[in-house]
Amino acid sequence: MALEEYRKKRDLAKSREPRGGDASSHAPVFVVQEHDASTHHFDFRLEIDGVLKSWSVPKGPSTDPREKRLAIQTEDHPLDYADFEGTIPADEYGGGRVIVWDAGSYSNLKVDDDGNEEVSMLEAWQAGHLTVWLQGEKICGGYALTRFRDEEDPPKWLLVKMDDAGADARRRPTSTEPASVLSQRTIEDLDEPE
Ligand code: MN
């Protein structure tokens, strides 16, 4: 609540000033890591409440609002995992190669006209419905994450592109833009696990 007055004075939906995080001053990060473990998938992660909330997305994010992508909830990861690229040994959990396929910052779209949060990201995650604005190098704009099977362990969500300027039904960035945004390497450029 420390920034309540700061936010009250400004229309942060119109001004480009930083809105400020609750626990830190940087914009929260998102990252999508490509991971060729026993099954190839993309790990979608959002910084929420000091950790990376995480989902395993078998087909990766789409830029087509008509595509609903299964997103299986996985365990929280530490924030510094967002920069991780490399080869996990074959006999370890998640053995396989990882690259940072896309990364950037995001904002919570659940805000009122004054730019104040109506529902925090943590509350939205607990309630099973997130809407975020991603500013990545490959994927941009609004995305919705909706939990549809919360009785299952792990819970299953759907990741869907919102219909906005970042939507494009013709793009297939997961196949046409394979290089890491950190190192420009592709998964094939990394050593295979031993
Ligand atoms: Mn993974």
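The following refers to the structure shown.

Rules used in this analysis
- Residues numbered from 1 in each chain as written.
- Predicted model: local features only at pLDDT ≥ 70, side-chain atom pairs only at ≥ 80, totals over all residues.
- Heavy atoms only, no water.
- Helix = DSSP H or I, 4+ residues; strand = E, 2+ residues; numbered from the N terminus.
- Polar contact = N/O pair within 3.5 Å; in protein donor to acceptor, adjacent residues only side chain to side chain.
- Contact = heavy atoms within 4.5 Å.
- Donors = N, O, S within 2.8 Å, 3.2 Å for Na, K, Ca; no water.
- Buried < 20%, exposed > 50% of the residue type's maximum accessible area, 1.4 Å probe, protein only.
- Pairing = 2+ DSSP bridges.
- Salt bridge = Lys/Arg side-chain N within 4 Å of Asp/Glu carboxyl O.
- Patch = residues over 30% accessible without salt bridge, like charges linked within 9 Å, V, L, I, M, F, W, Y side chains within 5 Å.
- Areas by Shrake-Rupley, 256 points an atom, 1.4 Å probe, with all protein chains shown as cover.
- Lys, Arg positive; Asp, Glu negative; His and termini not counted.
- Charge placed at Lys NZ, Arg CZ, Asp CG, Glu CD.

## Section: the side chain of histidine 77
Tracing the sequence through the fold places histidine 77 in strand S4 (residues 68-77). Within polar-contact distance, the side chain of histidine 77 engages the side chain of arginine 45 at 3.4 Å. Not counting chain neighbours up to four residues away, the residues in contact with histidine 77 comprise Arg45, Val51, Leu52 and Ser54.

## Thoughts on the coordination of the manganese ion
The manganese ion binds to the protein through His35 (ND1), His41 (NE2) and Asp43 (OD); the donor distances cover 2.1 to 2.3 Å. All donors to the manganese ion come from one chain, and their sequence spacing reads H-x5-H-x1-D. This pair shows no difference in class: histidine 41 is buried, exactly as aspartate 43 is.

## Let's talk about the pairing of strand S9 (residues 156-161)
The buried count for S9 comes to five of six residues, which makes it a mostly enclosed element. Relative to S9, strand S8 (residues 140-149) runs antiparallel, the two being bridged by six bridges. When the sheet's bridge partners are listed, alanine 144 is paired in S9 with valine 160. Adjacent in sequence and paired antiparallel, S8 and S9 are bridged by six residues.

## Structural notes on the pattern of salt bridges
Counted by the stated rule, this structure contains eleven salt bridges. Linking aspartate 36 and arginine 97 is a salt bridge whose minimum nitrogen-to-oxygen distance equals 2.8 Å. Separated by 61 residues along the polypeptide, aspartate 36 in strand S1 (residues 29-36) and arginine 97 in strand S6 (residues 96-108) bring together distant segments of the chain. When its relative accessible area of 18% is taken as the criterion, aspartate 36 is described as buried.

## As for a negative patch on the surface
Side chains of Glu188, Asp189, Asp191, Glu192 and Glu194 sit close together on the surface and give a patch of like negative charge. With respect to the helices and strands, aspartate 191 occurs in the segment after helix H3 (173-176).

## Some words on the pairing of strand S3 (residues 51-57)
Of all seven residues that make up S3, six are buried, and the element is covered over most of its length. Pairing of strand S2 (residues 40-48) with S3, which is carried by seven bridges, proceeds in the antiparallel orientation. Opposite phenylalanine 44, over in S3, you have tryptophan 55 as the bridge partner. Where S2 hands over to S3, the hairpin turn is made up of two residues, of which aspartate 49 adopts a positive phi near 60 degrees.

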